[in-house]
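# Inside the fold
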Amino acid sequence: MTNLPATKVEHLLSLEKITTHDIGDLNQLERQQLAETATQTLAQLKGTERDDFLNKIDLIIPASTKQDIWEYNHSLINAAVARYMGQNGVMPDKSTIARETGLSRQTVAKHFAAYQKHPGHAAQMEQFKLMAPNVLAHVFKHALNGNMRAAKLYLQMVGATHKPPAGAIITEQNNYIQVNNTILSQENLANLSADQLNQIENIIRNNG
């Protein structure tokens, strides 16, 4: 590079598009300075100006940073949708989401169109799956305390959702559920036959 201004970083940020070739002769300190300056600049921009800047540095953004940007956008959009629906009871349009988040409408539209295929979405789903046993245990605890809706949900989560025949009578006793002479605990549930689970589900369905 020739005819550089005061600093290499200023010169780079003045380019329309920064490539890996452009940063090839930067030392570690200059690379760090470029990264910090780019981060500060990005934090101050909104809408299409933010899109333009991201496009400028796209070729030199590490994959991990692109993932961070996606997660940041996803968090903003989720929060805006939840807030708007809580206040108005309807899903906001993309222009409203853009206004609420400071993102461009194009960015919002692209996020909705492609988020399910984005690696970040799969990663988030895996995190939720990791918490599934905790949720199941919480539901089971409420089921044992006599909460029929929790019991029905628990049976659905463990796969006992087939159409059942008419069957037993369910009674509640203290902190567990008893079906006739069988106590419905986690261990018992694991040992029940499909027909027995169907009978339990039938009672819950009829009384829910």
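Criteria and thresholds
- The written sequence of each chain sets the order in which its residues are numbered from 1.
- Local features in this predicted model are restricted to residues whose pLDDT is 70 or higher, and side-chain atom pairs enter the listing and the counts only when it is 80 or higher, whereas totals over whole chains, interfaces and linings include all residues.
- In computing side-chain properties, one takes all heavy atoms of the structure into account and sets aside hydrogens as well as water.
- Note on terminology: a nonpolar core comprises buried Ala, Val, Leu, Ile, Met, Phe, Trp, Tyr and Cys residues joined through side-chain atoms within 4.5 Å.
- Burial status follows relative accessibility: with a 1.4 Å probe on protein chains alone, a residue under 20% of its type maximum counts as buried, one over 50% as exposed, and anything between as partly exposed.
- Strands here mean DSSP runs of E at least two residues long; helices mean DSSP runs of H or I at least four residues long; both are numbered from the N terminus.
- Only heavy atoms enter the contact rule, under which two residues are in contact if any of them lie within 4.5 Å.
- Each patch is built from residues that are more than 30% exposed by relative accessible area and take part in no salt bridge. Like charges join if they lie within 9 Å; nonpolar side chains (Val, Leu, Ile, Met, Phe, Trp, Tyr) join within 5 Å.
- Note on areas: Shrake-Rupley with a 1.4 Å probe; residue coverage comes only from the protein chains shown.
- Definition used for salt bridges: Asp or Glu carboxyl oxygen within 4 Å of a side-chain nitrogen of Lys or Arg.
- For a helix, the expected span equals 1.5 Å multiplied by the residue count minus one.
- Within this analysis, the arc is defined by the directions that extend from the helix axis to the C-beta atoms.
- Throughout this description, a polar contact denotes any pair of N or O atoms lying within 3.5 Å of each other; where both atoms belong to protein, one of them has to be capable of donating a hydrogen while the other can accept it, and for residues adjacent in sequence the pair is counted only when both atoms sit in side chains.

## Notes on the nonpolar core
- One finds Leu12, Ile23, Leu34 and Ile57 to be the most contacted residues of the largest nonpolar core, which totals 13 residues.
- Those elements that provide at least two residues to this core are helix 1 (8-14), helix 2 (28-44) and helix 3 (47-57).
- Look past the residues within four positions of Ile23 in its chain and what remains in contact with it is Leu12, Ile18, Arg31, Leu34 and Ile60.
- Within the second largest apolar cluster, 8 residues are counted, among which are Ala143, Ala150, Tyr154 and Leu155.

## A short note on a nonpolar patch on the surface
- A cluster of nonpolar side chains, namely Val135, Leu153, Met157 and Val158, defines an oily patch on the protein surface of about 310 Å² accessible area.
- Within the secondary structure, Val135 is located in helix 8 (residues 132-144).
- Classification of Val135 by relative accessible area gives partly exposed; the value is 44%.

## Describing the environment of Ala109
- With respect to the element layout, Ala109 can be found in helix 6 (residues 105-114).
- With 16 residues separating them along the chain, Ala109 and Asp93 place their C-alpha atoms 9.9 Å apart.

## Side note on helix 2
- Helix length check: helix 2 (17 residues) gives 25 Å between terminal C-alpha atoms against 24 Å at 1.5 Å per residue, within 8%.
- Restricting attention to buried positions, one finds in helix 2 the residues Glu30, Leu34, Ala38 and Leu42. Projected onto a plane normal to the axis of helix 2, the buried residues spread over an arc of 100 degrees and lie on a single side. In helix 2, the exposed positions that point more than 90 degrees away from the buried face belong to Gln28, Leu29, Thr39, Gln40, Ala43 and Gln44.
- As for helix 2, its buried residues are in contact with helix 1, helix 3 and helix 4 (63-88).
- Between the side-chain oxygen at the start of helix 2 and the backbone nitrogen of Leu29 there is a gap of 3.1 Å, and the oxygen is on Asn27.

## Here we look at the side chain of Glu30
- Relative to the helices and strands, Glu30 resides in helix 2.
- When neighbours within four sequence positions are excluded, Glu30 is seen to be in contact with Lys8, Val9 and Asp25.

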